[in-house]
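Structure assessment
Each chain, written out:
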Amino acid sequence: MGILEVKDVGKRFGGLQALGDVNLSVKENSVHAIIGPNGAGKSTLLNCLVGKLIPDTGSVMFDGQSVLGRTPYEINQMGISRVFQTPEIFSDLSVMENMMIPCFAKRDGSFRMHAIENMMDEKDIVEKAEAMLVDMNMADKREMHAASMSRGDKRRLEIGMCLAQEPRLLLLDEPTAGMARADTNNTIDLLKQISDERDITIAIIEHDMHVVFSLAQRITVLAQGTPLVEDNPENIKGHPKVREAYLGESA
Amino acid sequence: MLGLNKKDMTLLIAVAVLTMFAPFFLNPFPTDSAMAQFNAGYPDLMQRFVIFGIFAIGFNILFGLTGYLSFGHAAFLGVGSYAAVWIFKLFTYNVVPAILLAVIVAAVFSVLMGYVSLRRSGIYFSILTLAFAQMMFALAYSVLSNPKFNLTNGETGLQVYPNDPQMFHPEGMQDFPHLFGLYMNSTYTMNVGPWAFDFNTGYYLCAVVMLAVFYLAIRIFRSPFGMMLRAIKSNQTRLNYTGLNPRPYTLAAFVISGAYAGLAGGLMAAMDPLAGAERMQWTASGEVVLMTILGGTGTLIGPVLGAGFIKYFENIFSKINDAVLHQWFAFLPDGLEDFVVFIIHPFVGKGWHLTLGILFMLVVIFLPGGLVEGGQRIGKWIKNRGKSEDSDAGPKTEPAE
Amino acid sequence: MDAILLQILNGLDKGSAYALIALGLTLIFGTLGVVNFAHGALFMIGAFCAVTLQRFLSLSYQTVSETEKDFLGNPLKVETPYVESWFGPEIGASIIDWSTPLAILLAIPIMMLVGLIMERGLIKHFYKREHADQILVTFGLAIVLQEIVKYYFGANPIQTPAPDALSGVANLGAWFGLELAYPVWRIVYFCFAALVIFGVFAFLQFTTFGMVVRAGMADRETVGLLGINIDRRFTIMFAIAAAVAGLAGVMYAPINPPNYHMGMDFLVLSFVVVVVGGMGSLPGAVLAGFMLGILESFASTTWATTTIPGINQIIIYLVAIIVLLTRPRGLMGRKGVMEE
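Residues numbered from 1 in each chain as written. Chains lettered and ligands numbered in written order. Predicted model: local features only at pLDDT ≥ 70, side-chain atom pairs only at ≥ 80, totals over all residues.

So, on to the sheet that holds strand β2 (residues 16–26) of chain A. Residue and element names in this part refer to chain A. Taken in spatial order, the four strands line up as β2-β1-β4-β5 in an open sheet, and their pairing is antiparallel. Of all the strands in the sheet, the pair left with one neighbour each is β2 and β5 (65–66). Bridging between strand β4 (residues 57–62) and β5 involves two bridges; their strand directions are antiparallel. Pairing of F62 across the sheet is with Q65, part of β5. Where helix α1 (residues 42–50) meets the sheet, its contacts fall on β1 (4–13), β2 and β4, and the angle it forms with β2 comes to roughly 65 degrees. (Pairing = 2+ DSSP bridges. Helix = DSSP H or I, 4+ residues; strand = E, 2+ residues; numbered from the N terminus. Contact = placed C-beta atoms within 7 Å. Axes fitted to C-alpha atoms, helices over the stretch in contact; angles between N-to-C directions.)

Printed below as a string of structure tokens:
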């Protein structure tokens, strides 16, 4: 049994079958990549996992509990964090505040009315957020306005915010899309480090094969809404079906 | 001190000094001078400054922090007023129970309205609040004032009549709201040479209440709750995927700001025991929006400044008439004098709203941070004036706090 | 049966006004993505076009009559409108009588000009800003426009009669064998509104211009990529929307004497109409406009007001709240319009 079990998930949009009978099992503490050509249904699948979409058929179990019908914040509280394709951060807030919010969410749950306390007096939160900023190598940017950071920094901040919640499963949606080579390599190193040092499962949707093969221990290939193969990277590389799916694309 | 950092404490003290000594600041001209008509230090106007200040501070907690633009907050102010007048009618002229009930009733109404309206965001939220407020206005204005069931007394407005029960109103006390015997309309006038300064009980009650709720607003702004509200304005998607439920946060903010509005309404009734439906109209809600934006949305002091600014100039501008204008421009040659007066005429006197509308548009277009941002820009300009040209403009402007 | 028909008819004139304003709002909203709180003010300006023309045509000069005397025995002073002296008394008098419909001719260029200036001068700069900012700046503009009108025309409503020929009461029922007395001008208003609505839809449906605008409403960026100057077309669209609101105002003047705050009064209701119809849906706006007008008229019957006192005052808001909560996109709204 993996930590995430996707069974027979299907999703239609009008006449379009976006997902059909997707089965997927992500093993605990592994890095699992989901790849596939454009329009293969990768993003739809991801949205079904985090509560943005509800699949028409099938089940999604996380750690033995169904996530279907739950809202995104409830699923997050169960231990699934998501990194977006374009970094979603609180751009009007300072970097430190950005990091404090997930710490509060981890400690206090989805809502707590702490309207009178001064937030800087919450020592445990401040310490945790500061430690996380050091881990992410951005302690010097503490007071910066999050909107004024570079894209690479925003991505790192977002990953840090997700980690601050100590999730059991981290979902990444094309984390290196639109990044320069150097930034991409930095992100790969960061993710490697996270997966080595922490007790965490990573599921990554990616287009960039370089990223996939440097990180993944297990790969699922999705085409036209159904999984073609699931195997380890070595076997995927030469797989004829995969080549067929990616025909014309640089695999 | 008081759980505030140094900067916030300074701000609080500054506001305290300003409100406590307002009778002096607002009456700078000797009573018999020609400028005396521009004195603003009379009780009625000073009360309005602080009451609308409270209203705007509360509105800013919702709009400034979460970005949800409500066009229905005047409804809570009106509801608060009605509740307070009912206490006067049925029980006692003491303002404490009246104000407490005003806050509670407004909070209850805002829970209902907020629960429904906050299911939508953006423009839909604005229109829902607008629809609710207009509905409540219609209810107050005509529906709930029929002979069988007269809750609001319609067009005339709700007021206290001699045959009302007033169960706990002792014999021999005046028929006016009081705080344990201190009448709201009692004023002590201090004469210093040609100057006269009015110290009004009602004003000081309002001022103390405003300081208290201003302090509360600072605490909310600096609290984790306040940070969550700003996070909602900044990025709701991320908030959802960080395991936080925006709904109760926005609802709490909505109710707090509704309670502030109710408090303002209760105080308004305490200063003058009368409640009318026109207080609830959506244009009245528009006014508090104007105050908040003009002062500086999302800043602590902005709404207070905006409320003071609008109420002050409303008072001054409406007093300027052609005679005053001619007096001012008497130094100009005749033809030019008439021309200048002709140009200015539409903007003063009854034309105050025109000036306000133009001013408001200018602020939204050029100065989204309102008066506070304007002040900061001027401050920066003065600071930088001495420095050499090559000195860096510095990092991006911090959001005004 | 008569009563029901009568209520439907009674709802039509208000419904027509709602539909026309909501149509313009939706056009602006769908094409430019701007929430225009000044749209009610455009309606009001239209109504005052009628007032202005009427005043202008009634400009007169004084002559002293040689034969007649007034009651004090002095020579009678006769006011003769210039129009009457130019065109002869009869034609002149009927020109004055027909000033309100004639104001349509005046209102179209004026409203388009006002719309053009508004869009180029102000709204243009707000495309990229938040909806809250758009609401705020147009709200400010609405105040300014309303105060200017108040400055020139005063605060009191101004009677603007319909032409004599159209101001009576017609027995509509005669055609169907029913008793239905109904003011003629309201029928005129409804037909006029139907004509304008039909015109706008035909324009959008059958002209190339309209096709581009519709495509732009569906997907602005793609149309921009085609190398079509969509911005200029949107400006024209704004002017058209302004004209539609203005025309609604001109013709509404005889029904309700114009005053400076009529725009604000209608604005709130029109927004409710737009939302009920579904943001960005033109047929939705028209449908909801008529439906709410008729509903309001039914709620105003004695039967309804005695059952639930004051239901006529709140019915529209109640419906709006219910619709927004059960069908967030309104009756005919498309997915993804103004949703976060």
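With that out of the way, let us pick up the interface of chain B and chain C. With 38 residues of chain B at the contact, the number on the chain C side is 33 residues. With 15 residues, helix α6 (residues 122–143) of chain B is the single largest residue contributor to the side of chain B that touches chain C. The residue makeup of the side of chain B that touches chain C, split by class, is 23 nonpolar, 13 polar and two charged. (Nonpolar A, V, L, I, M, F, W, Y, C, P; charged D, E, K, R; others polar.)

Below, the discussion takes up the domain arrangement of chain A. Residue and element names in this part refer to chain A. The domains assigned to chain A are domain 1 (1–79 + 169–251) and domain 2 (94–166). Taking only C-alpha atoms, the centre of domain 1 and the centre of domain 2 are 27 Å apart. Each partner contributes to the interface: domain 1 provides 10 residues, whereas domain 2 provides nine residues. Put simply, the parts of the chain that give the side of domain 1 that touches domain 2 at least two residues each are α2 (72–78) and α6 (181–197). Ranked by the residues each element gives to the side of domain 1 that touches domain 2, the list is headed by α6, at five residues. (Domains from an automatic or database assignment.)

Now for the interface of chain A and chain B. Each partner contributes residues to the interface: chain A has 32 residues there, and chain B has 26 residues. When residues of the side of chain A that touches chain B are traced back to their parent elements, those giving at least two are α2 and α3 (95–108) of chain A. Here the element with the most residues in the side of chain A that touches chain B is α3(A); it accounts for six residues.

Moving on: unusual backbone geometry. All names here are of chain A. If you check the backbone angles, D63 has positive phi at about 55 degrees while not being a glycine. If you trace the backbone, D63 turns up in the loop between β4 and β5. Although it is not a glycine, E166 sits at a positive phi angle of roughly 50 degrees. With respect to the secondary-structure elements, E166 resides in the loop between α5 (151–164) and β7 (169–173). For E166, a count of 15 C-beta atoms within 10 Å puts it in the partly exposed group. (Buried ≥ 20, exposed ≤ 12 C-beta atoms within 10 Å, placed from the backbone.)

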